[in-house]
Amino acid sequence: MSLLNIEEPAPARPAPWGTSHPIWRLGFRPFYLVAAVFAALSIPLWVAQYYGWIDAGAHITLGWHMHEMVFGMSTAVVIGFLFTAGRNWTNLWTPREGHLAALVALWLAGRVAMAWAPPLAAAVVDWAFLPAAAWPLFVVMKKSANKRNYFLVGLLSLLAVANGVYHAIVLGLLEMAPAVPAQAAVLVIVVMESAIGTRVIPMFTRNGAPGSTPAVHPKRDMVSIALLVAAGISWIAGLPVWLVAPLGGGAATMVLVRLIEWQPHKTLRVPLLWILHLSYGWIAVGFFMLSLAAMSLIPSSAAFHALTVGSMAGLILGMMTRTTLGHTGRPLKSGKAEFAIYALIQLGAVLRVAATLVAGAGHDHLLICSALCWTLAFAVFAVVYLPYLAKPRIDGREG
């Protein structure tokens with residue numbers, strides 16, 4: 001006769017749409033995931049629409065592509081990163097649980113609206129996200145007197161202004177090319193990258209690359225960032241070439257000088273580090289190209305794809321992998337998946353910039369191959385990192 005085996009029922013796992021699920025515990029978790037999935041889906045959608053392979057709807061235009069890569073995908077990663085960093089900087093909770101879920105829902109609604117809703121509705125829903133996300137970040141900084149990082153909220157405000165200008169153009173309220181606010185937003189994000197990278201890349205290198213002694217010069221760093229700002233403003237304002245070209249060249253030179261002093265050659269065996277150095281180097285490439293574009297020697301799209309695919313996407317993937325590993329309690333070590341992600345996005349950047357310099361069939365082949373590299377890079381991240389993002393920290397800590 002067998003005895004009854006009475007056990008306590010296993011605790012029910014929270015559903016991912018419930019605010020108690022681990023994915024809602026800190027900003028990087030849901031925002032990194034939705035940004036990666038969106039990045040992996042949106043580029044194939046755009047390419048297919050561009051070549052007439054599908055009819056995805058009237059809104060999937062060049063303007064949609066520019067807008068969604070900057071104000072959609074990139075801002076999701078920026079907010080996820082800042083919510084996570086803000087928790088560390090202030091020791092106060094940035095949005096989590098229901099508040100975080102509501103912000104993610106608003107971001108997702110913006111993506112749907114931008115693709116298929118009428119322009120006015122799309123403008124309202126999409127524009128609301130950045131102010132709604134920036135405000136709680138400002139609140140925790142103010143409560144903790146973290147004035148050092150107020151400028152990041154200011155940059156988020158500039159992104160919101162640029163987004164508003166873009167929508168005003170689409171709605172016929174302003175006479176301007178839609179590329180202008182999109183390019184302005186790219187340059188704002190580049191300044192943000194430069195400021196944050198200046199703080200963390202030398203530190204990460206010193207801690208993670210044996211024998212490295214990266215040099216940091218605060219005054220030189222400030223000059224470099226100021227030159228990036230000046231070059232960006234001169235380009236957006238359409239100032240004379242004799243001013244734009246040297247400012248762009250000067251900004252690029254300063255980025256390279258600082259990068260060399262951070263000893264990138266010491267990071268060649270550490271993918272988590274070389275991806276940050278290499279992606280940061282694309283800022284210099286982009287601003288050198290901006291100088292050439294000002295002189296009408298190359299198309300401006302070459303410069304902006306160097307900045308967006310090479311620098312922004314490279315740093316996004318480098319920081320998403322690093323912060324996910326660190327903030328889920330895992331060792332800061334890369335494997336084959338990370339190497340593939342980094343190699344794919346860098347190859348995609350080279351191909352995309354090359355495509356802007358080539359005409360005819362060569363352009364098409366390079367563009368499609370670049371899109372494939374981009375898609376695979378973000379898809380691999382989404383697949384490999386989903387379990388990390390959706391499960392509790394392995395060390396049992398909060399976040």
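Residues numbered from 1 in each chain as written. Predicted model: local features only at pLDDT ≥ 70, side-chain atom pairs only at ≥ 80, totals over all residues. Heavy atoms only, no water.

This part takes up the overall build of the chain. The helix and strand inventory of the chain stands at 12 helices and zero strands. In sequence order, the secondary structure elements of the chain are arranged as α-α-α-α-α-α-α-α-α-α-α-α. A compact globule built from 399 residues would reach a C-alpha radius of gyration of about 21 Å, and the chain, at 22 Å, matches this within 12%. Along the three orthogonal principal directions, the C-alpha set of the chain runs to about 90 × 55 × 45 Å. Within the chain, contacts between residues at least 6 apart in sequence are counted, and of these 76% link residues at least 24 apart. Approximately 17800 Å² of the chain is accessible, and the part contributed by carbon and sulfur atoms is 70%. Placing the 25 positive and 14 negative side-chain charges of the chain at their respective mean positions leaves the two points 12 Å apart. (Helix = DSSP H or I, 4+ residues; strand = E, 2+ residues; numbered from the N terminus. Rg over C-alpha atoms; globule rule 2.2 N^0.38 Å. Contact = heavy atoms within 4.5 Å. Areas by Shrake-Rupley, 256 points an atom, 1.4 Å probe, with all protein chains shown as cover. Lys, Arg positive; Asp, Glu negative; His and termini not counted. Charge placed at Lys NZ, Arg CZ, Asp CG, Glu CD.)

Turning next to the environment of His365. Position of His365 among the secondary structure elements: in helix α12 (residues 361-390). On the accessibility criterion, His365 (52% relative accessible area) is exposed. Sequence-wise, His365 and Ala355 are 10 residues apart; in three dimensions their C-alpha atoms are separated by 8.1 Å. (Buried < 20%, exposed > 50% of the residue type's maximum accessible area, 1.4 Å probe, protein only.)

Turning our attention to the pattern of salt bridges. Side chains that differ in charge, positive against negative, can pair when their charged atoms come close. Applying the stated criterion across every chain, the model contains five salt bridges. The closest approach of N and O atoms between Arg111 and Glu68, which form a salt bridge, is 2.6 Å. Here Arg111, found in helix α3 (residues 97-116), pairs with Glu68, found in helix α2 (residues 62-90); they are 43 residues apart in sequence, far enough to count as distant. Glu68 gets classed as buried once you look at its relative accessible area, which sits at 0%. Linked through salt bridges whose partners overlap, the residues forming this network are Glu68, Arg111 and Asp126. (Salt bridge = Lys/Arg side-chain N within 4 Å of Asp/Glu carboxyl O.)

Taken domain by domain, the chain consists of domain 1 (23-50 + 58-176) and domain 2 (179-392). Centre-to-centre, using C-alpha coordinates, domain 1 lies 20 Å away from domain 2. When residues of domain 1 are sorted by the area they lose upon contact with domain 2, Arg29, Tyr32 and Phe81 head the list and together hold 16% of the total. Remark: the boundary between domain 1 and domain 2 carries six residue pairs in polar contact (both at pLDDT 80 or more). Elements represented by at least two residues in the side of domain 1 that touches domain 2 include exactly α1 (28-50), α2 and α5 (150-170). Sorting elements by how many residues they give to the side of domain 1 that touches domain 2 places α2 first, with 13 residues. Residue composition of the side of domain 1 that touches domain 2, by class: 34 nonpolar, four polar and three charged. (Domains from an automatic or database assignment. Buried area = accessible area lost by both parts, 1.4 Å probe. Polar contact = N/O pair within 3.5 Å; in protein donor to acceptor, adjacent residues only side chain to side chain. Nonpolar A, V, L, I, M, F, W, Y, C, P; charged D, E, K, R; others polar.)

Turning our attention to helix α9 (residues 271-294). The end-to-end C-alpha distance of α9, which contains 24 residues, comes to 35 Å, matching closely the 34 Å that a straight helix rising 1.5 Å per residue would cover. Taken across its 24 residues, α9 has 20 buried, putting it largely inside the fold. A positive phi of about 60° marks Ser296, the residue just after α9. (Expected span 1.5 Å × (residues − 1).)

Let us look at the packing of aromatic side chains. Enumeration over the complete set of coordinates arrives at 16 aromatic pairs. Look at Trp262 and Tyr280: their rings are 5.0 Å apart centre to centre, the planes differ by 55°, and that puts the pair in the tilted class. One end of the pair, Trp262, is in the loop between α8 (241-261) and α9; the other, Tyr280, is in helix α9, with 18 residues separating them in the sequence. A residue is classified by how much of its surface remains accessible, and Trp262, at 1% relative accessible area, is buried. Note on Tyr280: relative accessible area 0%, which makes it buried. A ring pair is formed by Phe381 and Tyr385, whose centres lie 4.7 Å apart and whose planes are at 15°; its orientation type is stacked. Placement of both Phe381 and Tyr385 in helix α12 is noted, with a separation of four residues, approximately one turn of the helix. Note on accessibility: Phe381 and Tyr385 belong to one class, buried. Ring pairs connect the aromatic residues Trp46, Tyr50, Tyr51 and Trp53, which therefore count as one cluster. (Phe/Tyr/Trp six-rings, centres within 6.5 Å; stacked < 30°, edge-to-face > 60°.)

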